[in-house]
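Here is what each chain is made of, one letter per residue.
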Amino acid sequence: GNSVTQMEGPVTLSEEAFLTINCTYTATGYPSLFWYVQYPGEGLQLLLKATKADDKGSNKGFEATYRKETTSFHLEKGSVQVSDSAVYFCALSERSNFGNEKLTFGTGTRLTIIP
Amino acid sequence: DARVTQTPRDKVTEMGQEVTMRCQPILGHNTVFWYRQTMMQGLELLAYFRNRAPLDDSGMPKDRFSAEMPDATLATLKIQPSEPRDSAVYFCASGFIGTNTGELFFGEGSRLTVL
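Okay, so let's go over this structure. (Residues numbered from 1 in each chain as written. Chains lettered and ligands numbered in written order. Predicted model: local features only at pLDDT ≥ 70, side-chain atom pairs only at ≥ 80, totals over all residues. Heavy atoms only, no water.)

Looking now at the overall build of chain B. Regarding its fold elements, chain B presents zero helices and 11 strands. Seen in sequence order, chain B has helices and strands lined up from the N terminus as β-β-β-β-β-β-β-β-β-β-β. In terms of overall dimensions, chain B is globule-like: its C-alpha atoms have a radius of gyration of 13 Å, near the 13 Å expected for 115 residues. Taken along its principal axes, the extent of the C-alpha atoms in chain B is 40 × 30 × 25 Å. Summarising the internal contacts of chain B: among those between residues at least 6 apart in sequence, 54% fall at separations of at least 24. Carbon and sulfur atoms provide 49% of the accessible area of chain B, an area that totals close to 5,800 Å². Taking the average place of the 12 positive charges on the side chains of chain B and the average place of its 14 negative ones, the gap between the two points comes to 1 Å. (Helix = DSSP H or I, 4+ residues; strand = E, 2+ residues; numbered from the N terminus. Rg over C-alpha atoms; globule rule 2.2 N^0.38 Å. Contact = heavy atoms within 4.5 Å. Areas by Shrake-Rupley, 256 points an atom, 1.4 Å probe, with all protein chains shown as cover. Lys, Arg positive; Asp, Glu negative; His and termini not counted. Charge placed at Lys NZ, Arg CZ, Asp CG, Glu CD.)

The next thing to look at is the pattern of salt bridges. Residues and elements named next belong to chain B. By the definition in use, this model includes nine salt bridges over all chains. Note that Arg64 and Asp86 form a salt bridge whose closest N and O atoms lie 2.6 Å from each other. Note that Arg64 is positioned in the loop between strand S6 (53-56) and strand S7 (65-71) and Asp86 in the loop between strand S8 (74-79) and strand S9 (88-95), a separation of 22 residues in sequence. Assigned by exposure class, Arg64 and Asp86 land together as buried. Within the structure, one salt-bridge network assembled from shared partners comprises Arg64, Glu83, Arg85 and Asp86. (Salt bridge = Lys/Arg side-chain N within 4 Å of Asp/Glu carboxyl O. Buried < 20%, exposed > 50% of the residue type's maximum accessible area, 1.4 Å probe, protein only.)

Bringing the pairing of strand S1 (residues 3-6) of chain A into the picture now. Looking along a regular strand, one sees side chains alternate from face to face of the sheet. Residue and element names in this part refer to chain A. Only one face of S1 is covered, namely the face carrying Val4 and Gln6; the face carrying Ser3 and Thr5 is uncovered. Alignment of S1 against strand S4 (residues 23-26), held across four bridges, turns out to be antiparallel. If you follow Val4 over to S4, its bridge partner there is Tyr25. (Pairing = 2+ DSSP bridges.)

The next subject is the packing of aromatic side chains. Taken as a whole and judged by the stated rule, the model has 12 aromatic pairs over all chains. Centre to centre, the rings of Tyr25 of chain A and Tyr66 of chain A are 6.0 Å apart; their planes meet at 80 degrees, and the pair counts as edge-to-face. In this pair, Tyr25 of chain A is assigned in strand S4 and Tyr66 of chain A in the loop between strand S8 (62-65) and strand S9 (75-77), connecting sequence segments 41 residues apart. A single burial state applies to Tyr25 of chain A and to Tyr66 of chain A, both of which are buried. Ring geometry for Phe91 of chain B and Phe106 of chain B: centres 6.2 Å apart, planes at 75 degrees, overall edge-to-face. Within this pair, whereas Phe91 of chain B is found in strand S9, its partner Phe106 of chain B is found in strand S10 (residues 105-106), the two being separated by 15 residues in sequence. For the pair shown, Phe91 of chain B and Phe106 of chain B are each scored as buried. Through a chain of ring-to-ring contacts, the aromatic side chains of Phe34, Tyr36, Phe89 and Phe105 of chain A together with Phe33, Tyr35, Tyr48, Phe91 and Phe106 of chain B assemble into a single cluster. (Phe/Tyr/Trp six-rings, centres within 6.5 Å; stacked < 30°, edge-to-face > 60°.)

Now for the environment of Met39 of chain B. The topology assignment puts Met39 of chain B in the loop between strand S4 (31-38) and strand S5 (42-50). With 21 residues separating them in the primary sequence, Met39 of chain B and Glu18 of chain B have C-alpha atoms 23 Å apart.

This part covers the nonpolar core. Ranked by internal contacts, the top residues of the largest apolar core, which has 25 residues, are Trp35, Leu47, Leu48, Phe62, Phe73, Leu75 and Tyr88 of chain A. Elements supplying a minimum of two residues to this core: strand S3 (19-21), S4, strand S5 (32-38), strand S6 (44-50), S8, strand S10 (86-96) and strand S12 (109-114) of chain A. It is S10 of chain A that provides the largest number of residues to this core, a total of four residues. When residues no more than four places from it in sequence are discounted, the contact partners of Tyr88 of chain A are Gln6, Ile21, Trp35, Tyr36, Val37, Leu47, Phe62, Leu75, Gly108, Thr109 and Leu111 of chain A. Residues Cys23, Leu46, Tyr90 and Leu112 of chain B belong to the second largest nonpolar core, which totals 22 residues. (Core = buried A, V, L, I, M, F, W, Y, C linked by side-chain atoms within 4.5 Å.)

Each strand in a sheet pairs with its neighbour through backbone hydrogen bonds, running either in the same direction (parallel) or in the opposite one (antiparallel). Residues and elements named next belong to chain B. Reading across from one edge, S1-S3-S8-S7 is the order of the four strands in this open sheet, with antiparallel pairing throughout. Strand pairing shows two members of the sheet lacking a second neighbour, strand S1 (5-7) and S7, which therefore form its edges. This sheet shows a mean twist of 15 degrees between the axes of neighbouring strands, independent of strand direction. Where strand S3 (residues 19-24) and S8 come together, five bridges link them in antiparallel fashion. (Axes fitted to C-alpha atoms, helices over the stretch in contact; angles between N-to-C directions.)

Each disulfide consists of a covalent bond between the sulfur atoms of two cysteine residues. Residues and elements named next belong to chain B. Per the counting criterion, the structure on display carries two disulfides over all chains. Linked covalently through their sulfurs, Cys23 and Cys92 form a disulfide whose S-S length is 1.9 Å. Between Cys23 and Cys92 the disulfide shows an S-S torsion of about -60 degrees. By sign, it is left-handed. Residue Cys23 is found in strand S3, and its partner Cys92 is found in strand S9; the two are separated by 69 residues along the sequence. In this structure Cys92 comes out as buried when scored by relative accessible area, which is 0%. (Disulfide = S-S within 2.5 Å.)

Set out below in structure tokens:
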């Protein structure tokens, strides 16, 4: 079946540091890929997505590129802020004739940014 | 703003008691998901519905868990009898599947503690 493997946490960085959170996936077809973010005490919310190979998703300074050849979707940000402290989830969705079905999530990576 | 609403936000109960969690999905969304989040297992899909019909509940312990959608504005997740290992945060999420966006909107979660 489909699966998502993401970088073990927790990750602690200083403000303005460069961030990379690795994510690789296994899928039988052509999934869409997502990064969701969970702030303390809240539910998950979509951060960015990419629906086909070589697409780049971006939002709030975060970017991720859908790499089919390496089955990866690594999350990057050039300069992190304290407000980026959260748990980040990589996810994929199986595609069917009816559109995307359910999401399969990675285990999450807790990111803490210190001033 | 349209949002997914979950109740209760927090529930503490004793082993053996029945627990019912409720979710109001976003109006117009055709798919509702129940996820469970724990430190050990991460996010686990318990069940999901499309147009109120259950599509997959293979992630749910059938002997004690049940999920229903009595109408388009209400989804319920019931545990009877509850056990300490059910302690977790339960998330409801809704989306409109068919447009290939793959975006799910999550509620704030119901934190369950079974003593």
